Amino acid sequence: IIIALIFVSSIVFYVFYSNYTSMQKVEDIQKDISKVIAENKQPEKEKPDKEIQEEPENTEDKDKLEINKDLESLLEINKDTVGWLKVNNTNVDYPVVQTDDNDYYLTKNFKKENDNSGWIFMDYRADAVNLSQNTIIFGHNMYYSGVMFGTLYKAKQSNWYTNPDNQIIEFNTLYKNMKWKIFSIYTIDVTSDYLYTTFNTEEEYSEFIDMLKNRSINDFNVEVGSSDRILT
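As the structure is a computational prediction, the values presented were derived from the model and not from experiment. (Residues numbered from 1 in each chain as written. Predicted model: local features only at pLDDT ≥ 70, side-chain atom pairs only at ≥ 80, totals over all residues. Heavy atoms only, no water.)

**Student:** Looking at this structure, I do not really get unusual backbone geometry. What am I missing?
**Tutor:** Unlike most non-glycine residues, Asn 89 shows phi in positive territory, near 55°. Inspection of the secondary structure puts Asn 89 in the loop between strand 1 (81-87) and strand 2 (93-97). Its identity as a non-glycine residue notwithstanding, Leu 131 has a phi of 70°, on the positive side. Mapped onto the elements, Leu 131 comes out in the loop between strand 3 (121-122) and strand 4 (134-135). (Helix = DSSP H or I, 4+ residues; strand = E, 2+ residues; numbered from the N terminus.)

Have a look at this one:
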């Protein structure tokens with residue numbers, strides 16, 4: 001009995017400690033992010049000297065102007081920064097990164113440090129400049145600590161998704177500030193049938209949209225056409 005109690009206590013302690021350190025890491029990173037953004041808002045003469053940064057490697061359209069100066073300033077911390085995602089009444093309020101695979105940020109945080117919580121990242125196939133038909137954003141479900149997508153479960157609760165304020169999601173890129181209206185909320189067993197960023201024909205895309213709407217736990221009565229863009 002004593003051995004069993006020690007074993008269980010050790011597991012509980014590990015879980016609480018792991019959750020605490022995860023939250024602490026995220027809070028520290030968020031403080032650094034806020035500091036960089038605040039410095040960027042200062043008049044030029046008040047800004048501290050800093051090294052001139054190169055353009056992010058994943059920016060293909062060199063003629064497109066970066067209008068989001070807050071996000072642009074975060075390139076000082078991480079050149080993989082491509083956007084910012086905010087979901088009302090959840091903890092989801094993070095810069096989004098993108099690299100050349102969907103594995104790296106599973107175990108790396110915004111500062112590229114080893115971190116089991118990972119970070120919020122865009123599918124490597126997505127076009128971060130002009131946006132693909134379906135822009136997919138990944139994040140771990142860190143349920144106990146609530147970091148990353150750990151509070152996204154709230155979206156399945158009727159008192160959350162029936163609130164009009166929650167039905168609008170903010171996702172901004174370096175080149176455009178956008179508000180997205182929810183048209184489908186669903187959970188699904190392990191599958192890859194929603195992990196497409198582009199489609200060969202309008203018919204394929206329309207069928208894809210219908211599939212997502214049919215899966216939804218609620219009818220949001222939102223029209224989605226083949227000319228629209230989707231955020232998953």
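**Student:** Just checking my understanding: could you explain the nonpolar core for this structure?
**Tutor:** The nonpolar side chains of a soluble globular protein tend to be buried with one another. Membership of the largest hydrophobic core comes to 49 residues, with the highest contact counts inside it found for Leu 85, Tyr 94, Val 96, Trp 119, Ile 120 and Phe 171. At the level of secondary structure, the elements contributing two or more residues to this core comprise helix 1 (2-40), helix 2 (69-74), strand 1, strand 2, strand 3, helix 3 (158-161), strand 6 (168-173) and helix 4 (202-215). Apart from the residues lying within four places of it in its own chain, the contact partners of Tyr 94 are Val 26, Gln 30, Gly 83, Trp 84, Leu 85, Trp 119, Ile 120, Gly 146, Val 147 and Met 148. (Core = buried A, V, L, I, M, F, W, Y, C linked by side-chain atoms within 4.5 Å. Buried < 20%, exposed > 50% of the residue type's maximum accessible area, 1.4 Å probe, protein only. Contact = heavy atoms within 4.5 Å.)

**Student:** Help me out: how do you make sense of the packing of aromatic side chains in this one?
**Tutor:** Given two aromatic rings, one states the distance between the centres and the angle between the planes to describe the pair. Summed over the entire model, instances satisfying the criterion amount to twelve aromatic pairs. Every member of this aromatic cluster is reached through a ring pair, and the members are Tyr 196, Phe 199, Tyr 205 and Phe 208. (Phe/Tyr/Trp six-rings, centres within 6.5 Å; stacked < 30°, edge-to-face > 60°.)

**Student:** Explanation requested: the pairing of strand 6 in the structure shown.
**Tutor:** In the case of a regular strand, side chains alternate between the two sheet surfaces. Sheet topology note: the strand 1/strand 6 ladder contains five bridges and is antiparallel. Looking at the pairing, Leu 85 lines up with Phe 171 of strand 6. Where strand 6 meets strand 7 (residues 179-181), three bridges bridge the pair, whose relative direction is antiparallel. Bridge pairing in strand 7 links Ile 168 to Lys 181. Between the end of strand 6 and the start of strand 7, which pair antiparallel, lie five residues. (Pairing = 2+ DSSP bridges.)

**Student:** Just to check I follow, could you spell out the pattern of salt bridges for this structure?
**Tutor:** In this structure the tally under the stated criterion is seven salt bridges. Linking Lys 111 and Asp 32 is a salt bridge whose minimum nitrogen-to-oxygen distance equals 2.2 Å. Of this pair, Lys 111 sits in the loop between strand 2 and strand 3 while Asp 32 sits in helix 1, placing them 79 residues apart in sequence. For Asp 32, a relative accessible area of 28% translates into the label partly exposed. (Salt bridge = Lys/Arg side-chain N within 4 Å of Asp/Glu carboxyl O.)

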